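Residues per chain are reported as follows:
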Amino acid sequence: MDVNEIMKNNSLVADMAQYKEVFWINPDSGKDAGIPFGMKDIEDAEARLARFAPYLAKAFPETACSGGIIESELAEIGRMKPVLEEMTGHFGGRLFIKLDSNLPVSGSIKARGGIYEVLKFAEKVAMDQGLLTWEDDYSILLEDRFKELFSRYSVAVGSTGNLGLSIGIISAKLGFKVTVHMSADARQWKKDLLRSKGVIVIEYPEDYQVAVAQGRKEAEGDPMCHFVDDEGSADLFLGYSVAAKRIISQFEANNITVDEDHPVFVYIPCGVGGAPGGVTFGLKEIFGENLHVFFAEPTHAPCMTLGLATGLHDGIACSDIGVDGMTDADGLAVGRASRLVGSIMETLLDGCYTIGDEKLYPFLAALADSENIFIEPSSCASFTGPALVAQAADYLAAKGLTDKMDNAAHILWATGGNMVPESEMKAYYERGKK
Ligand SMILES: *Cc1c(COP(=O)(O)O)cnc(C)c1O
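Residues numbered from 1 in each chain as written. Predicted model: local features only at pLDDT ≥ 70, side-chain atom pairs only at ≥ 80, totals over all residues. Heavy atoms only, no water.

Topic: the site of the ligand
Step number 1: Taken together, 16 residues are adjacent to the ligand, and Lys110, Asn162, Gly271, Gly273 and Thr415 come closest.
Step number 2: The separation between an oxygen atom of the ligand and a polar side-chain atom of Lys110 is 2.8 Å.
Step number 3: Protein contact buries 98% of the 380 Å² of open area that the ligand shows by itself.
Step number 4: Mapping the ligand onto the cavity grids shows that it belongs to the largest cavity.
Step number 5: The element best represented in the shell around the ligand is helix H11 (residues 274–287), accounting for three residues.
Step number 6: Here the residues of the shell around the ligand sort into six nonpolar, eight polar and two charged. (Near = heavy atom within 4 Å. Polar contact = N/O pair within 3.5 Å; in protein donor to acceptor, adjacent residues only side chain to side chain. Areas by Shrake-Rupley, 256 points an atom, 1.4 Å probe, with all protein chains shown as cover. 1 Å grid on protein atoms, 1.4 Å probe; cavity = no way out; pocket = protein on both sides within 12 Å on 5 of 7 lines; lining within 4 Å. Sits in = over half its atoms within 2 Å of the grid points. Helix = DSSP H or I, 4+ residues; strand = E, 2+ residues; numbered from the N terminus. Nonpolar A, V, L, I, M, F, W, Y, C, P; charged D, E, K, R; others polar.)

Describing the sheet that holds strand E7 (residues 225–228)
Step number 1: Spatially, the four strands line up as an open sheet ordered E6-E5-E4-E7, and their pairing is parallel. Every other strand in the sheet has two partners, leaving strand E6 (200–203) and E7 as the edge strands with one partner each. Strand after strand, the sheet turns through a mean of 20° between neighbouring axes, direction not considered.
Step number 2: Bridging between strand E4 (residues 154–159) and strand E5 (residues 177–182) involves six bridges; their strand directions are parallel. Residue Ser154 lies in a different strand from E5, and its bridge partner there is Lys177.
Step number 3: With respect to the sheet, helix H5 (residues 110–128) is in contact with E4 and E7, its orientation differing from that of E7 by roughly 155°.
Step number 4: Packing against the sheet, helix H7 (residues 162–174) makes contact with E4, E5 and E7, and its axis sits at approximately 165° to E4. (Pairing = 2+ DSSP bridges. Axes fitted to C-alpha atoms, helices over the stretch in contact; angles between N-to-C directions. Contact = heavy atoms within 4.5 Å.)

With respect to the packing of aromatic side chains
The description of an aromatic ring pair uses the distance of the two centres, along with the angle that the planes make with each other.
Step number 1: As enumerated under the stated definition, the model contains 18 aromatic pairs in all.
Step number 2: With a centroid separation of 6.1 Å and an interplanar angle of 80°, the aromatic rings of Phe121 and Tyr153 are classed as edge-to-face. Of the two residues, Phe121 sits in helix H5 while Tyr153 sits in the loop between helix H6 (144–150) and E4, which places them 32 residues apart along the sequence.
Step number 3: Geometrically, the ring pair formed by Phe150 and Phe176 is tilted, given 4.7 Å between the ring centres and 35° between the ring planes. Separated by 26 residues along the polypeptide, Phe150 in helix H6 and Phe176 in the loop between H7 and E5 bring together distant segments of the chain.
Step number 4: Under the relative-accessibility criterion, Phe176 is labelled buried at 5%.
Step number 5: Counting every residue linked through ring pairs, the aromatic cluster contains Phe23, Tyr267, Phe294, Tyr353 and Tyr395.
Step number 6: Directly above the aromatic system of Trp134 lies the positively charged group of Arg51, at a separation of 4.1 Å from the ring centroid.
Step number 7: Of note, Lys173 hangs over the ring of Phe60, and the distance from its end group to the ring centre comes to 5.1 Å. (Phe/Tyr/Trp six-rings, centres within 6.5 Å; stacked < 30°, edge-to-face > 60°. Buried < 20%, exposed > 50% of the residue type's maximum accessible area, 1.4 Å probe, protein only. Lys NZ or Arg CZ within 6 Å of the ring centre and 35° of its normal.)

Re the nonpolar core
Step number 1: Judged by nonpolar contacts, the single largest core of 147 residues is most densely connected at Phe150 and Leu283.
Step number 2: The residue makeup of this core includes at least three contributed by each of domain 1 (3–38 + 64–106 + 235–433) and domain 2 (109–232).
Step number 3: Leaving out residues up to four positions away in the same chain, Leu283 has contacts with Ala244, Ile247, Val266, Gly288, Leu291, Val293 and Trp413. (Core = buried A, V, L, I, M, F, W, Y, C linked by side-chain atoms within 4.5 Å. Domains from an automatic or database assignment.)

Observations concerning the side chain of Asp100
Step number 1: Counting through the fold element by element, Asp100 comes out in the loop between strand E3 (94–99) and H5.
Step number 2: Take Asp100: its relative accessible area is 0%, and that puts it in the buried class.
Step number 3: A polar atom in the side chain of Asp100 sits 2.8 Å from the side chain of Ser72.
Step number 4: There is a polar contact of 2.8 Å between the side chain of Asp100 and the side chain of Trp413.

Digging into the domain arrangement of the protein
Step number 1: Parsing the protein into structural domains produces domain 1 (3–38 + 64–106 + 235–433) and domain 2 (109–232).
Step number 2: Between domain 1 and domain 2, the C-alpha centre-to-centre distance is 26 Å.
Step number 3: Contacts between domain 1 and domain 2 engage 36 residues on the former and 29 residues on the latter.
Step number 4: Between domain 1 and domain 2 the total buried area reaches about 2,900 Å² when both faces are included, carbon and sulfur atoms providing 56% of it.
Step number 5: By the criterion of area lost to domain 2, the three top residues of domain 1 are Asp235, Leu236 and Asp330, representing 22% of everything that side buries.
Step number 6: Inspection of the region where domain 1 meets domain 2 yields seven salt bridges.
Step number 7: Looking at the side of domain 1 that touches domain 2, the elements with two or more residues in it are helix H10 (234–253), H11 and helix H17 (422–433).
Step number 8: Per element, the largest residue contribution to the side of domain 1 that touches domain 2 is six residues, and it comes from H10.
Step number 9: In terms of residue class, the side of domain 1 that touches domain 2 is built from 18 nonpolar, seven polar and 11 charged. (Buried area = accessible area lost by both parts, 1.4 Å probe. Salt bridge = Lys/Arg side-chain N within 4 Å of Asp/Glu carboxyl O.)

Now the structure itself:
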């Protein structure tokens, strides 16, 4: 790889190297490609989560009202729409927010994939021992004999924070020994909260990649340790994808139509790519080409945009173009894209864009003021998306959407927030008001 050559031939990459905001449209979106997963995999994951629902309803009483199904609301934010247009530019249609920031158990999108992967591991361990069958009421997993079984196994993960929260909380509840390797970006309160639940938290002064590598190293050579590999796990990916099945009825309830005349645009903040990638795979599998997905990344950590725009995926890192990975969007502070997800997004994703850190806080405050919804800074990375798409005249013309934008639904995927301590959230808000 000759980075200088890449920058000379690719002005987008050259802009990214200077921390400029960019908007990249994927020329290969919609092309045929061999994707290694299909609808059957999403259904399998959905069925597994349904089997675990009786367990979750008891283990986490806050999920009892939804029958042990960990799901979030899709809300129209009509008061925020004119505010956002004022801040970013006009866009037609309706504006929604998907509140994964409020997901029970761990308060971020990681409550989908992260919890799913650990549940799947627990199911396998229990079944291999002959203690559990598909027909059982899985709430028996709360019994001491299972805790004792799981305590002989361990789970390890590397994280910038939210994945660690999700994996740590569910693993500790089941009874696994669990170690979370936290990168320098991770907020103190996340480490404190995990330790209070008996999770071993190891801190590194380095970035996410180092934390993940340490987790992998710990698990290597220990047959009793399950490593949750955020850089390439199919289980994580498929756990996230179930969101798309569950959103079908939410579209109906909100009168959102997805067809040629009614485009739907989804904007998701992206770190390593697993969470937004899994959701995108599910959405495209179900709704097809009339649903358009864009990823949002910080200008200081645009690994997915870089991987896709160069076609190199995990073969290129932000540091290769001199970009430092230092961002307030801690959930997105990742320097190299997932080796699993990058190539799958090659034909599924519609595009990517980047945003400067200084814009995150004003969006956070505006959403709080207009809708009384509080989300974390990483979650706000997507907010420039609707205006960027509305202004992308060539893209809209190529897709035949120019005169259909008043029928559009724009969905900002809020990826985290409700576990942020109040004092911390107040500081974010006040920073946004300045
Ligand atoms: C993890 C995370 C993301 C992105 O997920 P990836 O799988 O890393 O791409 C987005 N927002 C928040 C708040 C997160 O914690």
